[in-house]
Amino acid sequence: MKVFRAVRVLLLFLLLPFFRLPRAGLAQADLDPPQVVAIFPADSLTSEVSWDDEANPLYPSATFSEAMDPATLTRATFQVFAEGSALPEPGEVFYAAAPAPKVWFEPRNSLTPPNRLIGGVVFTVVLSGSVTDLAGNPLGADVTWHFYTHPEYVADNTWEDFSLGALGAGCY
């Protein structure tokens, strides 16, 4: 009888680590990695994305399945690249936990109008798999998507460029 009890206790200790049993009153550890549940703009090279207006600008963004660690969402982990460029676009990365956990990129440049992505260009957005949720679980693999900006927003940067345009030609 003592041998049977000893074997049963030994098996219990050997097998216990393989089972995650909920314990009443104790919080479960978050072991699940976060997921990207939505991206903006959609991953598409065939449809053009344009700025609606100054109140609704085009800011590439990713929405997560759970709250993220803001310290891991930086310019190094969320980048926007113009086609053919090895350097990321200048800008800032922002994070908001509510109403849904979301990270977005706001361009910072001296174009006219300012702080917009160049029109008529394919952009690639890269979200690093190293970003983590509040429990420290990494996203895992990088999330990458592409979009094409509407060419209407090609901007004149100098007075000389502006003076070359013709009224009604769509470039003011």
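Residues numbered from 1 in each chain as written. Predicted model: local features only at pLDDT ≥ 70, side-chain atom pairs only at ≥ 80, totals over all residues. Heavy atoms only, no water.

1. Focus on the sheet that holds strand S6 (residues 102-107)
Keep this limit in mind: When DSSP finds two or more bridges between two strands, those strands count as paired. Under the DSSP-based scheme used, a helix requires at least four consecutive residues in state H or I and a strand at least two consecutive residues in state E, with every element numbered from the N terminus. Structural elements are reduced to axes, namely lines fitted to C-alpha atoms, with helices fitted over the stretch in contact, and the angle between N-to-C directions of any two is expressed from 0 to 180 degrees.
Read across the open sheet, the four strands follow the order S1-S3-S6-S5; overall the sheet is antiparallel. One side of each edge strand has no neighbouring strand; the edge strands of this open sheet are strand S1 (36-40) and strand S5 (91-96). Each strand axis lies, on average, 15 degrees off the axis of its neighbour in the sheet, ignoring direction. Alignment of S5 against S6, held across six bridges, turns out to be antiparallel. Among the inter-strand pairings, Phe94 is bridged to a residue of S6, identified as Trp104.

2. Points about the packing of aromatic side chains
What counts is decided by this rule: Between rings of Phe, Tyr and Trp, where Trp is taken as its six-membered ring, a pair exists when centres lie within 6.5 Å; planes separated by under 30 degrees are stacked, by over 60 edge-to-face, and by other angles tilted. Throughout this description, buried means an accessible area under 20% of the type-specific maximum (1.4 Å probe, protein chains only), exposed means over 50%, and partly exposed covers the range between.
The full count for this structure, using the stated rule, is three aromatic pairs. Relative to Trp145, the ring of Phe78 has its centre 6.4 Å away and its plane inclined at 50 degrees; by these criteria the two rings are tilted. With Phe78 in strand S4 (residues 78-82) and Trp145 in strand S8 (residues 143-149), this residue pair connects regions lying 67 residues apart in the sequence. We note that Phe78, like Trp145, is buried.

3. Overview of unusual backbone geometry
Following Phe40, the chain continues to Pro41 via a peptide bond in cis, the omega torsion being -10 degrees. Tracing the chain through its elements places Pro41 in the loop between S1 and strand S2 (44-49). Omega for the peptide link from Ala98 to Pro99 comes to 5 degrees, which places this bond in the cis form. Topologically, Pro99 is positioned in the loop between S5 and S6.

4. Here we look at the nonpolar core
Worth spelling out the cut-off: Nonpolar cores are built from buried Ala, Val, Leu, Ile, Met, Phe, Trp, Tyr and Cys residues. Side-chain atoms within 4.5 Å join them into one set. By definition, residues are in contact when any of their heavy atoms lie within 4.5 Å.
Ranked by internal contacts, the top residues of the largest apolar core, which has 21 residues, are Leu73, Phe78, Val103, Phe123, Leu127 and Phe147. Looking at this core, the elements that each hand over two or more residues are strand S3 (61-64), S4, S6, strand S7 (122-127) and S8. Residues in contact with Leu73, not counting those within four places in the same chain, are Phe64, Met68, Val93, Tyr95, Val103, Leu127 and Val131.

5. Observations concerning the environment of Arg108
Note the threshold: What qualifies as a polar contact is a pair of N or O atoms within 3.5 Å, subject to a donor-acceptor requirement within protein and to the restriction that residues adjacent in sequence count only when both atoms come from side chains.
Structurally, the position occupied by Arg108 is in the loop between S6 and S7. For Arg108 and Glu89, which are 19 residues apart along the polypeptide, the C-alpha to C-alpha distance reads 8.2 Å. At 3.0 Å, the side chain of Arg108 and the side chain of Glu92 are in polar contact. Polar contacts involving the side chain of Arg108 include one to the side chain of Glu106, which spans 3.0 Å.

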